[in-house]
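# Understanding the architecture of this molecule
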Amino acid sequence: MKRTPEDPSAESADAPMETEAERRRRRAVFLRELAEARELRARVQPRKTKERRMREALRMRTFRI
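This is a predicted model, so every value here is computed, not measured.

Quick notes on the rules
- Residues numbered from 1 in each chain as written.
- Predicted model: local features only at pLDDT ≥ 70, side-chain atom pairs only at ≥ 80, totals over all residues.
- Heavy atoms only, no water.
- Helix = DSSP H or I, 4+ residues; strand = E, 2+ residues; numbered from the N terminus.
- Buried < 20%, exposed > 50% of the residue type's maximum accessible area, 1.4 Å probe, protein only.
- Areas by Shrake-Rupley, 256 points an atom, 1.4 Å probe, with all protein chains shown as cover.
- pLDDT = per-residue confidence, 0-100.
- Salt bridge = Lys/Arg side-chain N within 4 Å of Asp/Glu carboxyl O.
- Polar contact = N/O pair within 3.5 Å; in protein donor to acceptor, adjacent residues only side chain to side chain.
- Contact = heavy atoms within 4.5 Å.

### Let's talk about the overall build of the protein
A tally of regular secondary structure across the protein gives 3 helices and 0 strands. Reading the helices (α) and strands (β) of the protein from amino to carboxyl end gives α-α-α. Buried positions account for 5% of the 65 residues belonging to the protein. Looking at the protein as shown, the accessible area adds up to about 6,800 Å², and 56% of this sits on carbon and sulfur atoms.

Shown next, in the form of structure tokens:
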């Protein structure tokens, strides 16, 4: 059976362990894209963003020491 790139076992069997630097680089890209998506959502749905901010502020006030 030939392994395809979609096959998850292909990565685990053939790919060497990734280094810490590679993992950090991938994580940085992911976090950058996540922040970009949140900014886009804030521009597209301002009402939902405002509601989310207000709920988050309430939660922060509730659990503050």
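Having seen it, we continue.
### Here's the deal with the confidence of the model for the protein
For the protein, mean pLDDT is 80; residues scoring 70 or higher make up 74% of the total. Mean pLDDT in the protein bottoms out at helix H1 (residues 8-14), which sits at 52, and peaks at helix H2 (residues 20-44), which reaches 93.

### A word on the pattern of salt bridges
Counted under the stated rule, the structure contains 3 salt bridges. Residue glutamate 20 is joined to arginine 23 by a salt bridge in which the shortest nitrogen-to-oxygen separation is 2.9 Å. Pair noted here: glutamate 20 and arginine 23 are both in helix H2, with a separation of 3 residues, about one helical turn. We note a salt bridge from arginine 52 to glutamate 56, for which the minimum N-O separation is 3.4 Å. Residue arginine 52 and its partner glutamate 56 are located together in helix H3 (residues 46-62), separated by 4 residues, close to a single helical turn. For arginine 52, a relative accessible area of 39% gives the class partly exposed.

### Overview of the side chain of threonine 49
Within the secondary structure layout, threonine 49 lies in helix H3. In this structure the side chain of threonine 49 is engaged in a polar contact, spanning 3.0 Å, whose partner is the backbone oxygen of glutamine 45. Non-local contacts of threonine 49, meaning those with residues more than four positions away in its chain, are made with Arg41 and Ala42.

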